[in-house]
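Read off the chains here:
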Amino acid sequence: MNRLPAFTISQPQSVAEASEMLASLGDSGRLYAGGTELLATMKEGALLYDTLVDVKTVPGLADIRVQDGELWIGAAVTHFSIETSPIVRELLPVLSYVESRVANTRVRATGTLVGNLCFAEPHSDPATMLLCLDARVVAQSTRGERQLTIDEFFVGAYETALEEDEVVTSVVVPLPPANWRMAYKKFQIIERPTLGLGVVLELNDGGDSVATARAAVGCVSESPLRSSAAEAQLAGPLESLLERLDAAGDSLADEADLLDDREGSAEYKRHLIKVFLKRAVQQALQSDGPSR
Amino acid sequence: MSRDSDDAKVDLTPQNWSDLPVEPVTDVSHETGFQVVNKSVPRRDGVAKVTGRALYTSDITLPRMAHARIVRSPVAHARITSIDVSAALERPGVYAVLTGEDLKALPHTHYGHAVPDHAVLAIDKVIFVGEPVAAVIAASERIAQQAMEDVVVEYDELDAVITVDEALSPEAPVIHGRAFTSGAFRGFEEETVAGQTSNICEEAHVGWGDVEEGFSQATTIVEGEYYYPMAYAYAMEPYVAVGDVSDNSLTVYSSAQHPFMVRHDLAHVFGMSLGQVRVVVPYVGGGYGSKSYTKIEPLAAACSWWAKRPVKIQLGVEESILTTRGDDALVRMRTGVDSDGRIIAREATIYLNSGAYAENSPLVCKKSANRIVGPYAIPHVKVDCYSVYTNTCPASSFRGFGASLVTFGAESQIDELAEKLGEDGLSFRLRNVADEGERFFPKMRGLDANLKGDLRKLAAMLEWDAEPQAGRGKGLAVSASDAGAHPITTAAIKLHGDGSVTVLTGSTELGQGSHTVLAQIAAEEFGIPLESVQVVASDTAIVPFERSTGASRTTTLMGRAVQEACQEAIAQLCEMGSEAFGVPPEEIEQESGGLRHGDRSMAWSELLTSFFGMPDCEIVGRAYLRRAGDLKELPPFWEIGCAGVEIEVDEETGRIELTRLAAVGDVGLAINPAMAEGQDLGAAAMGIGTGLFEELVYDGQQLANANLWDYRVPRFTDIPSDVRLELTQDQNGVGPYGAKGGGEGSLNPMSASIANALYQATGVRVHEAPLTPERVWQALQAKKSSQREAE
């Protein structure tokens, strides 16, 4: 049986200290929170680090709070804590739902949302929905702090735009106004999801038309993605929305540059995108507020 | 298939586990008057296992013990041109590195119970990706793992054959190309032709009547090709073994199902007598056939021999998948029905991709040829089955082997025939399945089961006549396996001076419940409380010989041996009683916990004390079962599979979800009904896996999904909330109290049941298992486009 290679855990007491540790460690160190992806990959020998810098010992990163109409989720907050947070359940139930569907109980109890994003595994449920929610990632180093959109953050499979010494301290999600409708749907066959699909629809004052739309698809390409063409197609009167869904699904699929692989043929994935776009839109519109 | 990731919410509040209520299940003891058997007593190893106190092989640590990690081949077929271990040996903490070249100093380098074709480590040549090439032996697993990277192996690649088609092509390289003598425990008598001049490892030909004549008389014929996938018989405990070689003996602790079979291979490799070799098997964390026969034990022993210290080899799941998988099956088959709606002919050709070594595939081949016939009396039959060597991971037993992989096609085709006749699959089967006692398979035991009755029970549980909801369909299927439980079983019991009993058995506790069932039988025979019986198992130096723990044999054969051993001890006690009571033995009666003459009673302990003149002395009862008497005829029993499902199909995605599962276990008598039903449910759950999502896939020479991220096994959430189980207990088996084997049967019909239900729900027929969402969706698309063309 593969064993985890020996490594040291460093326990910084501040973000600055963590950043300094990462800077001095270079390729031989990495930040770690829940470790549900990282340790499994290290055990398989695909990644090797001498030192893991434990973000959980940094005070102040385990909070979920609301500030200026935005939800701030700290780097040490687990999937389970988000799923069960009264704040999230009340203000952004779709995120609570997404988190409740991540992997399995053990992963949710140990793994963190920020860790999930930083590992950039292509089959991430929350990454897809956060892209759809226009969330931002707050990255801090000794040189200061910057915010990246989810789109900017993901560079490719297992690859982010973070600098070597940057520590993601929080994810920031703008809270939706009352006229927004949203939903997340996933399709899973094996251990990781085959497809994740999120939609956010902003209704007009009369509630009979989609003013603006966002749709994101995950798991079918290196990073979750949105399609401006699809979002333009989704906008417009509700009564004809169903007729526009097929084209919008095609636009999303075009953007994803689908491949035939073990998870399915490109043809099947294109079909699934349409099915789940329809289901997500239907579910979003069934609710009377920005619920799941 | 998960419903997204719905994890069942389980209440884990600490409780007094032994006080947990036992669910009432089918129990006929009120009719039979049994005291201990036929009762759902809690399993005896349950508390030890859930509290982490149960001993498994991985818990075993010996003084001076080293750990080995295995360097594996990255290529499917190649000559090994060099192995450089010098850098690895320089690493601190590395004791030794063993290679195939080193093995040449052993009396034998190859083993195999069917065909001794399996090198302990690759010698000169590798023949599949993942084949062990060297073992690094070090003070810790971690050091061994690091040192593996220092072992430099150079290969000269050869053409590889991955598929059966490639392996059987005239240009194919012959993988083995050398003559083998038959292994010691083939289970059948013929000499082996394995791999001498072609890649055919084994062939089996079964037939009677004249199929051409049969098909000429047939009024309805269905012909088709079916594929059942390679699968991994996932057990929670991966392979693990500790080898300990000394000057004149060898002890191996292992997770093996069949310790005596492993002992034979070890004695052969090391040139030792059977008495010099001791194989000890503690609790095993699930077998399902994957731990049948010899796996890593010779390598663990060879490492100990080479490093001169005990060596443990603990594999992970990924390496275990590369160690043994199940055979896949490509089945080409036609079946014909006469004008009376009776099956008149069946012809089938089966190809098994058996991988690089024979392992148990020759027997899988033989059994597949038998079991594809199904439980039907068919006048004309011709079956040809080929087990084919390829440069892939070796295939061997998988729960219900030879049945699950061919029953998918066999029972799909039965429904296709019924459909063509415009008839319901249930009534077609009720007309065609063999009657109890009928010799539907020439030269074999008549059917020792009421399969028609079982089918009716199954139909009732499925509410067969009720129209399913829209989007849903029901399906069922049956099978009858000629249990490969060759009746060679011995057992001993010790009756201790205080009247308590120890059962000595070679049956391994794999989780199937043998420790509980065998104790129940001994308690019943002596008329003592269950708590007074202990079971000691699977230590070849202590317990009497048992051929295997497989083919659902333990309750039937070991159960009967234990029963007879108890009775033999009681016969001895009657002689003692004769002396004590001063009367002839035949005047003495057995009563609960002792013997009686008139109104004088003596407990077992009193009889022993009276005989020996001192307390604490004991006697041994023993029993030897062999192929004689009512066990002469094979199979010792037919293992019945009778299971069905209701499914819901999401036609947009092709995803199938089970909404109901029903199974009948025709077990003669359930010694422990709750555990018998648990086995049926477990077997059916494995069938859900290969029915819906489990398949090992080769991408070129590499297994593409040899890990649990990419290879999904069933979970509790895949089992529908509506599960209905029934036991048929007609006491018609050769086992104790009329018991027969169970625990594999319900797996066999599952994939066909699902395919049959899919047809009822959607009108599409899928001939390839598992019925993944995409396969179902593609079939639905094809149907739609052909409908459009028709319009």
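No experiment lies behind these values; they were computed from the predicted model shown.

Draft legend 1. Main features of the overall build of chain A. Of the regular secondary structure elements, chain A holds 12 helices and 15 strands. Computed over the C-alpha atoms, the radius of gyration of chain A is 19 Å, within 12% of the 19 Å expected from 2.2 N^0.38 for a compact globule of 292 residues. The buried share of chain A, taken over its 292 residues, is 57%. The contacts of chain A with a sequence gap of at least 6 include a subset with a gap of at least 24, amounting to 61%. Here chain A displays about 11,700 Å² of accessible surface, and carbon together with sulfur accounts for 48% of that area.

Draft legend 2. Representation of unusual backbone geometry in the model. In this structure, the amide linkage connecting B:L634 to the following residue, B:P635, adopts the cis form with an omega of -10 degrees. Locating B:P635 in the fold gives a position in the loop between β27 (619–625) and β28 (638–650). Cis geometry marks the peptide bond from B:A769 to B:P770; its omega dihedral reads -5 degrees. Relative to the assigned elements, B:P770 resides in the loop between α19 (750–762) and α20 (773–790). With a phi close to 40 degrees, A:A103 is a non-glycine residue in the positive phi region. Here A:A103 is to be found in the loop between α5 (93–100) and α6 (105–110). Judged by relative accessible area, which is 21%, A:A103 ranks as partly exposed. The backbone phi angle of B:R64 is positive, close to 65 degrees, even though this residue is not glycine. For B:R64, the position within the fold is in the loop between α2 (46–50) and β1 (66–72).

Draft legend 3. Here's a closer look at the packing of helix α12 (residues 404–420) of chain B against α19(B). All names here are of chain B. In the contact formed by α12 and α19, the axes pass within 8 Å of each other and the chain directions differ by 30 degrees. Our classification of the angle between α12 and α19 gives roughly parallel. As α12 runs across α19, the sense of the crossing is right-handed. Here α12 contributes T407, F408, E411, S412, D415 and E419 to the contact with α19, which in turn contributes S751, A752, A755, N756 and Y759. Residue classes in the contact of α12 with α19 are distributed as 4 nonpolar, 4 polar and 3 charged.

Draft legend 4. Representation of the pairing of strand β21 (residues 489–495) of chain B. Residues and elements named next belong to chain B. β21 sits mainly inside the fold: 6 of its 7 residues count as buried. Of the strand pairs in this sheet, β21 and β27 are connected by 7 bridges, and their pairing is antiparallel. Among the inter-strand pairings, I493 is bridged to a residue of β27, identified as G621. Bridge analysis of β21 against strand β22 (residues 501–505) gives 4 bridges, and the strand direction is antiparallel. Within β22, the position partnered with I493 by the bridge is V503.

Draft legend 5. Up close: the pattern of salt bridges. All names here are of chain B. In the structure shown here, the tally under the stated rule is 59 salt bridges over all chains. Two residues, R560 and E564, come together in a salt bridge whose shortest N-O distance is 2.9 Å. With R560 and E564 both in helix α16 (residues 554–581) and 4 residues apart, the pair spans about one turn of that helix. Under the relative-accessibility criterion, E564 is labelled partly exposed at 26%.

Draft legend 6. Broad picture of the domain arrangement of chain B. All names here are of chain B. One can read the domain layout of chain B as domain 1 (1–58 + 433–484 + 634–791), domain 2 (64–160 + 234–323), domain 3 (161–233 + 325–417) and domain 4 (489–631). Computed over C-alpha atoms, the centres of domain 1 and domain 2 are 35 Å apart. Contacts between the two partners involve 16 residues from domain 1 and, on the opposite side, 25 residues from domain 2. At the boundary of domain 1 with domain 2, total buried surface from both sides reaches about 1,600 Å², with 66% on carbon and sulfur atoms.

Draft legend 7. Up close: a nonpolar patch on the surface. Taken together, the side chains of A:V66, A:I87 and A:L91 define a hydrophobic patch exposed on the protein surface, amounting to about 200 Å² of accessible area. Among the structural elements, A:V66 can be located in strand β4 (residues 64–67).

Draft legend 8. Structural view of the environment of B:A663. Here B:A663 is to be found in strand β29 (residues 655–666). Those residues within four positions of B:A663 in sequence are excluded, and the remaining contacts are B:L458, B:M461, B:C642, B:A643, B:R724, B:L725, B:E726 and B:S746.

Draft legend 9. Main features of the interface of chain B and chain A. The partner chain A presents 34 residues to the 32 residues of chain B that form the contact. Across the chain B to chain A interface the summed buried area is about 3,000 Å²; carbon plus sulfur atoms make up 43%. Across the chain B-chain A interface, the total number found is 5 salt bridges. Where B:D650 meets A:R279, a salt bridge forms, and the shortest distance between an N and an O atom there is 2.8 Å. Counting every contact that joins chain B to chain A gives 14 residue pairs in polar contact (both at pLDDT 80 or more). Residue assignment for the side of chain B that touches chain A shows that the elements contributing at least two residues are α5 (141–148), α10 (317–323) and α20 of chain B. If you tally residues by element for the side of chain B that touches chain A, the top one is α20(B), at 4 residues. Tallied by class, the residues present in the side of chain B that touches chain A amount to 8 nonpolar, 8 polar and 16 charged.

Draft legend 10. Broad picture of the pairing of strand β3 (residues 94–99) of chain B. Residues and elements named next belong to chain B. A large share of β3 lies buried, amounting to 5 of its 6 residues. Sheet topology note: the β3/strand β7 (residues 132–138) ladder contains 5 bridges and is antiparallel. From the neighbouring strand, V97 faces β7, where its bridge partner is V136.

Draft legend 11. Quick look at the confidence of the model for chain B. Of all residues in chain B, 94% have pLDDT values of 70 or greater, and the mean over the chain is 94. Note on residues 1–26 of chain B: pLDDT is under 50 here. Beyond four places in sequence and across chains, it has 51 contacts.

Definitions and limits used
- Residues numbered from 1 in each chain as written.
- Chains lettered and ligands numbered in written order.
- Predicted model: local features only at pLDDT ≥ 70, side-chain atom pairs only at ≥ 80, totals over all residues.
- Heavy atoms only, no water.
- Helix = DSSP H or I, 4+ residues; strand = E, 2+ residues; numbered from the N terminus.
- Rg over C-alpha atoms; globule rule 2.2 N^0.38 Å.
- Buried < 20%, exposed > 50% of the residue type's maximum accessible area, 1.4 Å probe, protein only.
- Contact = heavy atoms within 4.5 Å.
- Areas by Shrake-Rupley, 256 points an atom, 1.4 Å probe, with all protein chains shown as cover.
- Axes fitted to C-alpha atoms, helices over the stretch in contact; angles between N-to-C directions.
- Parallel < 35°, antiparallel > 145°, perpendicular 65-115°, else oblique.
- Left-handed = near helix turned anticlockwise from the far one by under 90°.
- Nonpolar A, V, L, I, M, F, W, Y, C, P; charged D, E, K, R; others polar.
- Pairing = 2+ DSSP bridges.
- Salt bridge = Lys/Arg side-chain N within 4 Å of Asp/Glu carboxyl O.
- Domains from an automatic or database assignment.
- Buried area = accessible area lost by both parts, 1.4 Å probe.
- Patch = residues over 30% accessible without salt bridge, like charges linked within 9 Å, V, L, I, M, F, W, Y side chains within 5 Å.
- Polar contact = N/O pair within 3.5 Å; in protein donor to acceptor, adjacent residues only side chain to side chain.
- pLDDT = per-residue confidence, 0-100.

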